[in-house]
Structures are given as structure tokens and as C-alpha cells.
Amino acid sequence: MAAPRGYRQPADSPIQQVDTWLGKNGWIIDSILAGLAFLLLGASGILMSPSLTVAQALADGAASIGIPLALAFRRRWPVQSAIAVNALALLHWVVGGSILPVDLLIYASVYSTTVHGPLWARRASVGSALLGAVLVASQEGAAWGGGLTDRATGIAFVGVTIAAPTVIAWALGLLRRSTRARWESLRERAARLEYERDQQAVIAASTERARIAREMHDVVAHSLSIIVAQADGGRYAAASDPQVAVGALKTIGDTARSALADTRRILGVLRGDAVADTAPQPGLGALDELVGAVRESGLAVEVVTWGQPVPLSTAADLAVYRVCQESLTNVLKHAGAPGTVHARVDVAWHPQALVVQIDDDGRGAAAGNDGAGNGLLGMRERIALFSGGLESGPRPGGGWRVKATFPLSAVAAGTMGSWTT
């Protein structure tokens, strides 16, 4: 798998580091080993060859030079290297009928093909080496004197002696291949875990940014809506009733100070300040205070509560409050001029759910749209945390309706108390 940007590969053990280096620079080692193999096995085979004819000398020379040379490419082209080694060994044996020191490199070819080659090549390499062991054993065992039993014993002894190193080389190759596969699996697992950890950090950061954005929107948008409404009303009232204008200015000041305090609290939490405000978050208990502030802006608001209330978790209590706050803010912004619009907040406690419904008799579908839509999105996100639902749209007879449903199984105290905002 591809490592993410900025990913740092975990430190390998010394053996794994050597294995990684060999994987990238193994051709250097193979070239050196091929040269040593020629000097120790190939050259001696040429000098000590019992060749009787030119063809035998050429075949022995080709094998003594070609087999070490083919093994120099055993990592890069394992299949081609194995084919060359077996073909040259078979050629000089068929032509000369003898065994050369360089034939010992067949075991190295079996090992290399098992480590680096595909499955069919591994099987073919082992099979070719075992077939060669049978052919050589048949030739050498037949030369033994004695009866049939003695010759059979000689063939079996020579065959086992030649075949045993083949099986050992094959087993060592399988062990090496499985070790490399295990190391690679560990590397991929470490990379995957690192990537998942980074992704979780990114998701957590995005969630926190979204939470802070919701809080800032709820605080600032609501406060500014009240300030705008009060400023507009105070401006028109200043000429006819200065006392009303003074009251509007007082409301503007109080609202602005409250919004500033909330903003400082949110930014303090964002910065991680130790002196950040730790006052409890608002909830349904602060609904009357919220409605009172909205009424001072000129909007007639009625609150109706029915049913048997149950204690809510802190997060759910805040979510219900924010839904009411955002809905009333939207009424102030879009429903119509203050003093001409009436709103109603229904808090209904059902046996299985808490339903909060905010209705107004304003302009409804004819109301303008600021194009942002962050308030509605924030409400949906808050409600979705509790597996609830949100309905928002024009209501029959005119006006607008926002209806939020919170399952009590998700919002009752003790169900999500560990979730914080």
C-alpha cells in the first residue's frame, strides 16, 4: 500500500536493514559471488576437465563460464537464470558424460529460484535438479561392480547423496521466502496502523473544527440578529420615544457583552488556556432566558411545555437549546419585521422521544435566503449525534416550522453523558 504523505517508516531490525539493502544492491553481491564461483569452481573445471573431444571441451567450458555468469542475475531474472544453469549443466553432461565442480551451483540456483521466482519456476527448478540426480545416479551406479543388488544400492546411494542437498536448498529457500513475506507483512501492517492513526487524528481535528464552527455560529449569529433588530427598532424609536431607544441600546450592550464572553470562552478552549471559562453550557433550563432576550428584540414568543420531563445528558441538553436558539434566530432574520411576527416554541415530552417544534407566522417560503445555510446544517449535525431527525420548511397556513425529534434512549442522562461539546 502507498504510504501517506509525511509517513515515517518504522525502524527495522539490523537483519531487516541488511535484507532491505540486499534487495536494492544484491546485484553487487551476486556479481562478486559469481566471480568467486568461477575462480573456485569454473576455472578448476576447465583446467581439470577430462574432455576427450573438442565438443566436450566446448561444452565443459561453456558450463564452467556460463553457470557462474547466470547466477549473477539470479535476483533480477530468476527464471532466466535457472533455465540457463539447468540447460548448461544438461548440455555438458550429455556431451561429455561427466560431472564438473561447477555443477554444485545447481543447488544455489534451486535456492535462488525458490526465493525469487514464481511458483511454477520453483517447482520446475526442484524437479530439474531431482531429475539430474536420477540421471547421474543411474550413470554412476551402473558403473559399480557386483550383482544387480549392488548396482541398485549404488544408484540409490548416489541418488540420495545428490538429491539431499537439492531438498535442503529448496527448504532453505522456502524459509527465506516466508521470512521476507513476514517482514513485508509487518512493514505493511505498521504503515497501515500509522496511516489509520493519522487519519483518526485528521478526523478528530475536523470534528473539533466543525464543533467550534457550530458554537461560533450559534453564539455570533443569534447575538448579532438581536443586535440588528434592536438597532433598527431603536433608530426608528429615537425620534418619537427616546426612552425606548435607550432600552434598545441597553439590550444591544448586554447582548454584545454576552456574545463577547461566549466567544472568549470558545476561543479559550480552542487555545487550551488554563483560565478558559468553565461555566456550564446552556440547556433547556436557560430557555426562558433565551426567550426573554428574543422578546426584547420585538418578537412575540410563546413557550409551551407538556409531558413529563426527564433529565438530559449535558450534550443533549445543549443540542436542544441550540436548536431553539438557531430557530428563533432565523425567525428574527427571515420571518419579517419585529412586532409583526409571532413565534411559538413547543417542548413535548413523549414516552419515547423529546419533540421540539418552533412555529412562526412570518413570510414562510417567501422569506429571503442568505445563501449560507450553516445554521440548518449545524442543527442537523447536532441532532444526528443522537440518532434524531429534523424537519424544516413552510407550514400550512403560512409561516415556517422547525421540528426536531430526539429519541429519549439517546438523550436521557447516562446514555451519552461521556460525549462533550
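No experiment lies behind these values; they were computed from the predicted model shown. (Residues numbered from 1 in each chain as written. Predicted model: local features only at pLDDT ≥ 70, side-chain atom pairs only at ≥ 80, totals over all residues. Heavy atoms only, no water.)

Engineer: What am I meant to see in the packing of helix α2 (residues 54-71) against helix α3 (residues 78-96) here?
Structural biologist: The axes of two packed helices give the description: the angle between them and the distance between them. Where α2 meets α3, the axes come as close as 9 Å, and the angle between the chain directions of the two elements is 160°. In terms of orientation, α2 lies roughly antiparallel with respect to α3. Crossing geometry of α2 relative to α3 is assigned as left-handed. For the pair α2 and α3, contact is made by Ala 55, Gln 56, Ala 59, Asp 60, Ala 62, Ala 63, Gly 66, Ile 67, Ala 70 and Leu 71 and by Ser 81, Ala 84, Val 85, Leu 88, Ala 89, Leu 91, His 92, Val 95 and Gly 96, respectively. (Axes fitted to C-alpha atoms, helices over the stretch in contact; angles between N-to-C directions. Helix = DSSP H or I, 4+ residues; strand = E, 2+ residues; numbered from the N terminus. Parallel < 35°, antiparallel > 145°, perpendicular 65-115°, else oblique. Left-handed = near helix turned anticlockwise from the far one by under 90°. Contact = heavy atoms within 4.5 Å.)

Engineer: In this structure, what is going on with unusual backbone geometry? I would like to understand it.
Structural biologist: A negative phi angle characterises most non-glycine residues, just as the trans form characterises most peptide bonds. Positive phi values are uncommon outside glycine, yet Ser 387 reaches one of about 60°. On the secondary structure map, Ser 387 appears in the loop between α10 (374-384) and β4 (389-394). A relative accessible area of 60% means that Ser 387 is categorised as exposed. (Buried < 20%, exposed > 50% of the residue type's maximum accessible area, 1.4 Å probe, protein only.)

Engineer: I'm lost on the sheet that holds strand β2 (residues 342-349) in this one. Help?
Structural biologist: Strand-to-strand pairing in sheets goes through backbone hydrogen bonds, with the strands running parallel or antiparallel. Taken together, 5 strands build an open sheet; the order of strands is β1-β2-β3-β5-β4 and the sheet is mixed. The open sheet is flanked by β1 (300-307) and β4, the only strands paired with a single partner. Sheet twist, expressed as the average angle between the axes of neighbouring strands with direction ignored, equals 10°. Pairing of β1 with β2 involves 8 bridges; the strand directions are parallel. Looking at β2, one finds that Ala 300 is bridged to His 342. The strands that helix α9 (residues 314-335) touches are β1, β2, β3 (353-360) and β5 (400-407); relative to β3, the one it contacts most, it runs at about 10°. (Pairing = 2+ DSSP bridges.)

Engineer: When you look at α9 in this model, what are you seeing that I'm missing?
Structural biologist: Count 3.6 residues to each turn of an α-helix, and residues three or four apart come out pointing the same way. Along its 22 residues, α9 runs 31 Å from first to last C-alpha, staying within 8% of the 32 Å computed at 1.5 Å per residue. Of all the 22 residues making up α9, 18 are buried; the element is thus mostly covered by neighbouring parts of the structure. Positive phi appears at Gly 336, one or two residues downstream of α9, with a value of about 150°. (Expected span 1.5 Å × (residues − 1).)

No statement about biological role is implied by the geometric values presented.
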